Amino acid sequence: LAAPKSKPMTPASGGTFEDTTAGIKITIPEKALGSSTSAGNLQAKQTNNVRSTANSTPVGGKAQEIKATDSDNNAITTLPLPVTVEMTLTLAEMTATASSSDTSINTLAEADTLKMGYWDDSAQSWVTLASTVVYKDSAGEVITDEMTIDTSAEFAATVATATVSASTDHFSLY
């Protein structure tokens, strides 16, 4: 697991938080964390303390615990404006995770079903969010012609990463 990463963040200004080692990026618009002009803190911590449910399985058995605090160290959990959370998965992480049809996510059809979700403590389940998936090759270029990755052989030879992104109005375990 990647070490936790923290970054000072001024709520009124917003900004971008990125940890390429853990594969997470959070884009925060101005005032999405509130209107304070004093810097607080944003932290993302990778964890394998996650569970699968009948409907959802975290890829690679990992998730990100996202927390924000204001300048007085008070938790910011519910956001007045949505933020964008992006998680980048490697081909190895995908192929090591079972799909709904076989032992790995190794085709475009299977990868296109990836969804961002958050853990709902009260329901004891994952809640999926409307998500988009973008594929990149080993040079980091976006793959725009999905016909070049629609078989498992093409997918394995061409796709290096898949980035799943969604908007959310709160921080928790993703």
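Right above here is the structure, for reference.
These notes cover the structure that comes with them.

Parameters at a glance
Residues numbered from 1 in each chain as written. Predicted model: local features only at pLDDT ≥ 70, side-chain atom pairs only at ≥ 80, totals over all residues. Heavy atoms only, no water. Core = buried A, V, L, I, M, F, W, Y, C linked by side-chain atoms within 4.5 Å. Buried < 20%, exposed > 50% of the residue type's maximum accessible area, 1.4 Å probe, protein only. Helix = DSSP H or I, 4+ residues; strand = E, 2+ residues; numbered from the N terminus. Contact = heavy atoms within 4.5 Å. Pairing = 2+ DSSP bridges.

### Description of the nonpolar core
Alright, step 1. Counting 40 residues, the largest nonpolar core has Ile26, Leu42, Met94, Leu114, Tyr135, Phe155 and Phe171 as the members making the most contacts within it.
Alright, step 2. Residue assignment for this core shows that the elements contributing at least two residues are strand 3 (24–28), strand 4 (40–47), strand 5 (63–69), strand 7 (78–90), helix 1 (91–95), helix 2 (108–111), strand 10 (132–136) and strand 11 (161–170).
Alright, step 3. By residue number, the principal contributor to this core is strand 7, which donates five residues.
Alright, step 4. Beyond its immediate sequence surroundings of up to four residues, Tyr135 is in contact with Leu108, Ala111, Asp112, Glu141, Val142, Ile143, Glu146, Ile149, Phe155, Val159, Thr161 and Ala162.

### Topic: the pairing of strand 3
Alright, step 1. Residues of strand 3 alternate between two faces, with Ile24, Ile26 and Ile28 buried on one and Lys25 and Thr27 left unburied on the opposite face.
Alright, step 2. As paired elements, strand 2 (residues 15–19) and strand 3 share five bridges and run antiparallel to each other. Bridge assignment links Thr16 to a residue of strand 3, and that residue is Thr27.
Alright, step 3. Linkage of strand 2 to strand 3, two consecutive antiparallel strands, is achieved through a turn of four residues, within which Gly23 is found at a positive phi near 75°.
Alright, step 4. Here strand 3 runs beside strand 7; their pairing, made up of four bridges, is antiparallel. By the bridge assignment, Thr27 is partnered in strand 7 with Thr84.

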